[in-house]
Amino acid sequence: MPSEGRCWETLQALRSSDKGRLSYHRDWLLRGEDVLEECMSLPKLSSYSGWVVDHVLPHTQENPPSSETSASSRSTSTLDQPSCVPRSPGRTPAFSPSSSATPDGAEGKHESQHTEPMVLQSSRGVKVEGCIRMYELVHRMRGTEGLRQWQEEQERKVRALSEMASEQLKRFDERKELKHHKEFQDLREVMEKSSREALGHQEKLKAEHRHRAKILNLKLREAEQQRLKQVEQERLRREEGQVRLRSLYALQEEVLHLNQQLDASEPHRDALKLDLSAFRTRGNQLCGLVSGIIRATSENGFPTAEDQAVAERALQEMRDLLTSLQQEIAKACEAKRRQDEEVAHKKRQESKMQQGPEVPRETPAPSQGLGGKQNEDLQVKVQDSTMQWYQQLQDASSQCVLAFEELTNSKDSQAKKIKMDLQKAATIPVSQISTIAGSKLKEIFDKIHSLLSGKPVQCGGRSVSVTLNPQGLDFVQYKLAEKFVKQGEEEVASHHEAAFPIAVVASGIWELHPRVGDLILAHLHRKCPYSVPFYPAFKEGMALEDYQRMLGYQVKDSKMEQQDNFLKRMSGMIRLYAAIIQLRWPYGSRQEVHPHGLNHGWRWLAQILNTEPLSDVTATLLFDFLEVCGNALMKQYQVQFWKMILLIKEDYFPRCPSHSSTPWHFSWGRGLGSTHPA
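Residues numbered from 1 in each chain as written. Predicted model: local features only at pLDDT ≥ 70, side-chain atom pairs only at ≥ 80, totals over all residues. Heavy atoms only, no water.

An unreviewed UniProt entry lists the protein under the name mRNA export factor GLE1, from Callorhinus ursinus. Reading the Sequence similarities (unreviewed entry) entry of the UniProt record for the protein gives the comment "Belongs to the GLE1 family." Of the comments in the UniProt record for the protein, the one headed Function (unreviewed entry) reads "Required for the export of mRNAs containing poly(A) tails from the nucleus into the cytoplasm. May be involved in the terminal step of the mRNA transport through the nuclear pore complex (NPC)." (UniProt positions renumbered as here; feature names shortened; annotations may be inferred.)

(A) Representation of the packing of helix α12 (residues 384-403) against helix α18 (residues 514-527) within the structure. Where α12 meets α18, the axes come as close as 9 Å, and the angle between the chain directions of the two elements is 110°. On the basis of the axis angle, α12 is roughly perpendicular to α18. Of the residues in α18, those touching α12 at Trp389, Tyr390, Leu393, Gln394, Ala396, Ser397 and Cys400 are Arg515, Asp518, Leu519, Leu521, Ala522, His525 and Arg526. Class assignment for the residues of the contact of α12 with α18 results in eight nonpolar, three polar and three charged. (Axes fitted to C-alpha atoms, helices over the stretch in contact; angles between N-to-C directions. Helix = DSSP H or I, 4+ residues; strand = E, 2+ residues; numbered from the N terminus. Parallel < 35°, antiparallel > 145°, perpendicular 65-115°, else oblique. Contact = heavy atoms within 4.5 Å. Nonpolar A, V, L, I, M, F, W, Y, C, P; charged D, E, K, R; others polar.)

(B) Structural detail: the environment of Asp395. Structurally, Asp395 is set in helix α12. Counting along the chain gives 127 residues from Asp395 to Ala522, while the straight-line C-alpha distance between them is 8.8 Å.

(C) Focus on the UniProt feature "coiled-coil region" (unreviewed entry) in the protein. The residues that UniProt annotates with the feature "coiled-coil region" (unreviewed entry) are residues 206-233. Secondary structure across residues 206-233 divides into 100% helix and 0% strand, with the first and last C-alpha atoms of the span separated by 39 Å.

(D) A look at the pattern of salt bridges. The full count for this structure, using the stated rule, is 26 salt bridges. Linking Glu489 and Arg569 is a salt bridge whose minimum nitrogen-to-oxygen distance equals 2.7 Å. In this pair, Glu489 is assigned in helix α16 (residues 472-494) and Arg569 in helix α20 (residues 563-580), connecting sequence segments 80 residues apart. Its relative accessible area of 8% is what places Glu489 among the buried residues. (Salt bridge = Lys/Arg side-chain N within 4 Å of Asp/Glu carboxyl O. Buried < 20%, exposed > 50% of the residue type's maximum accessible area, 1.4 Å probe, protein only.)

(E) Here's a closer look at the packing of aromatic side chains. What the rule picks out here adds up to 11 aromatic pairs. Relative to Tyr535, the ring of Tyr530 has its centre 5.7 Å away and its plane inclined at 55°; by these criteria the two rings are tilted. Look at Tyr535 and you get buried, because its relative accessible area is 14%. Ring centres of Trp602 and Tyr637 lie 4.3 Å apart, and the angle between their planes is 25°; on these two criteria the pair is classed as stacked. Note that Trp602 is positioned in helix α21 (residues 598-609) and Tyr637 in helix α22 (residues 617-637), a separation of 35 residues in sequence. The exposure class of Trp602 is buried, given its relative accessible area of 18%. (Phe/Tyr/Trp six-rings, centres within 6.5 Å; stacked < 30°, edge-to-face > 60°.)

Spelled out as structure tokens, the structure:
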């Protein structure tokens, strides 16, 4: 700034002036020795005396202050005379700072004139020194007074500025407070307005909510009523279905009974020379129709009214058929009676014409060939070798169960998890086998084979292996065999064509893992003892439920399952067994012998024909067995097979109970031809 530059110039000029270059020694009183020396020595002027005499005194005499006029006049009167002021050469620069500043050197010459010390009287030196001190004091007082006045002026200005700033700050605070008050008022008005709007909107929402709640409550009540109505309809439908199902069973029983009555008319065929094959064929067709309806309803749920109507029409047709048959038989009997009466009348007339009566010859008794065969007793107890084989398989199964008993009864969470994973890995692939599996059969077979071989397989997104537990292999083999038999009991029983894909996989696993095959036989013999064949005998002290279970029946809550369901399960397991003995895994080694081939099927057939037949069971199992593997047995044994078929027809059929519900009258050629697997 310009003012700042002028201040520095002023200070520099003052510093370069003569007075600014003077050196004052104000601490002479502190030097006691010098004071004593001055008292003892001649009085001398101060080093400033010459400068004061030369510069200050002339100016003070020209402009004497009003307060010091008398004193300065007295001092100047005493100094009018020339005097000598002692100066020391070394102190010359100190009291004459302007000597170097004068370019012409006048001052240097003036000072050089006073290089010699001048001896003055003591009183004069004191006066000069006093004048110097007085001058300094006056100058200091003036400076102090000026400074004080300047400070007071500055303080007044600062106070004025402070008061003005304070007033301005107050006005600013007032304006700010007023602005804040206005903003607060505006904000409060806005908030009150928004609050009123929010309350109005809330009331509107509450009203809408109440309205919607009423609507939802109405809809919920309607839905609940609809659900209850559906539940009631479902209950009524089930009850109606149960009634229809019981009615169908009653219709089937009556149809079978009427069909037996049709079969009972066989003796009239030869006696009356009637052709009753059309009646029997139609009766068998009607029985098959009713059985098919019941089989379809057992798979799909409950029978419909249409199914019941069809069954009732079949029953009515069966009744009409039986009525027609009885009418035909009655007509034939009446015609035969009339014919016999005519023949007898003719004979009586002829005998009257003769001369003497002749003794009539007795007619020979009918041939007892077939009757004699029927009277022969068949075996009731199974052969000892077969029982030993059966017992060995059951013992092997029991040992396998004991081998993984620790894994089954373990309470460790990790062991339980491993057990569940192994069971899923063993049973799920078998459940996936069906008639429409196609190329997936090889994938399922490879997965089961890898699991039994100790390789890891994927199940449920996790890797599973029998090596995770020492008892894992025994557990998997047992569960796998159990699942194969269960598929025959359930899947094959409902869908006969499923026996072949399940059997081909089981046969391939049996060939690579013989222990699994033994466990399959053990499970099969336990659930279906007729596959041995073995007819358990009732022992004294045995509970009826236990005996029923030994026969293969399922007993739940002291109630034995119905005969139709029992025969259906036995049929499924025998069909699976008949398919296993004739099929082999197509991707395996053909050089090795089948682990359980057709020779076992021939043995089973021979032993069952040497055993006394049971009601319903024997006929059903023979029918299912021959329908599945009869074609393979015919190709294998040829003439011997046909001999056995002839034996069944002529000798074994008559031994079967007449109330058997199995339709035996079928075409053998068509039956055997249809058993060959596709």
